[in-house]
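The lines below spell out each chain.
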Amino acid sequence: MADPRIHGGGDVDRREDSVGRRLYNPYQDLQIPSRTLYDLPTSPEFLFQEESLTQRRTWGENLTYYTGIGYLSGSTAGASLGLRRALQSAEPGDTLKIRLNRLLNSCGQDGRRIGNRVGVIALMYAGLESGMVAARDTDDWINSVVSGLGTGALFKAANGPRSAAIAGAVGGLMVGAAVAGKQVLKRYVPI
């Protein structure tokens, strides 16, 4: 152990243990107030001034966010539907092993199927919305509603023009309701 008479360092923090040795404090010679070390800013920091002017995610972030949220929520909803289906199809003579196997298979199958479907819909929506923002050079509710229309129509395009038109109208109405609900929440719910 270092001799305290040889290695000085001032009289800041000269605590000693029961044997008489000096305890090691790695911060004793820094002379920096600890508040400046942990007083972090609460607003985002940007490297360039142009980044601070945009109030929107980039197209890649948008694509990743919507696709991930869509797949996760679709998988969760599908797994819960699979759970319900497995519980309904249980027979009185089944063993625990067979019931558990049926449960896992149903949850996995329905979760995967619905998760992939909702993830693809979210991927198309994010791509169309980012394309609309780039084409119109503005970010407003029209981009969202038109992207919902296009996503619904594109998703059901293989089933014929009538199905595509109905799905497009449903997609546009759903996104319009979501945008209106968001505006209502912003106005009347203090967050």
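Residues numbered from 1 in each chain as written. Predicted model: local features only at pLDDT ≥ 70, side-chain atom pairs only at ≥ 80, totals over all residues. Heavy atoms only, no water.

On to the overall build of the chain, then. Of the regular secondary structure elements, the chain holds six helices and zero strands. Moving toward the C terminus, one meets the helices and strands of the chain in the order α-α-α-α-α-α. When burial is assessed residue by residue, the chain has 20% of its 191 residues classed as buried. When the accessible surface of the chain is totalled, it reaches about 14,600 Å², and 62% of it is carbon and sulfur. (Helix = DSSP H or I, 4+ residues; strand = E, 2+ residues; numbered from the N terminus. Buried < 20%, exposed > 50% of the residue type's maximum accessible area, 1.4 Å probe, protein only. Areas by Shrake-Rupley, 256 points an atom, 1.4 Å probe, with all protein chains shown as cover.)

Nonpolar side chains collect at one region of the surface, where V184, L185, Y188, V189 and I191 lie side by side and expose about 590 Å² of accessible area between them. Of note, Y188 is situated in helix α6 (residues 161–188). (Patch = residues over 30% accessible without salt bridge, like charges linked within 9 Å, V, L, I, M, F, W, Y side chains within 5 Å. Salt bridge = Lys/Arg side-chain N within 4 Å of Asp/Glu carboxyl O.)

The next thing to look at is the packing of helix α4 (residues 96–136) against helix α5 (residues 141–155). The N-to-C vectors of α4 and α5 enclose an angle of 135°; their axes lie 8 Å apart at closest approach. With respect to α5, the axis of α4 lies oblique. The crossing of α4 and α5 is right-handed. Contacts from R117, V120, I121, M124, Y125, L128, E129, M132, V133 and R136 of α4 reach α5 at I142, N143, S144, V146, S147, G148, G150, T151, L154 and F155. Its residues assigned to classes, the contact of α4 with α5 comprises eleven nonpolar, six polar and three charged. (Axes fitted to C-alpha atoms, helices over the stretch in contact; angles between N-to-C directions. Parallel < 35°, antiparallel > 145°, perpendicular 65-115°, else oblique. Left-handed = near helix turned anticlockwise from the far one by under 90°. Contact = heavy atoms within 4.5 Å. Nonpolar A, V, L, I, M, F, W, Y, C, P; charged D, E, K, R; others polar.)

Attention shifts here to unusual backbone geometry. In this model, D137 sits at a positive phi of 60°, which is unusual for a non-glycine residue. With respect to the element layout, D137 can be found in the loop between α4 and α5.

Following the criterion strictly, the structure yields two aromatic pairs and no others. Measuring from ring centre to ring centre gives 5.7 Å for Y65 and Y66, while their planes differ by 55°; the resulting arrangement is tilted. You can call Y65 partly exposed: its relative accessible area is 41%. We classify Y66 as partly exposed; its relative accessible area is 24%. (Phe/Tyr/Trp six-rings, centres within 6.5 Å; stacked < 30°, edge-to-face > 60°.)

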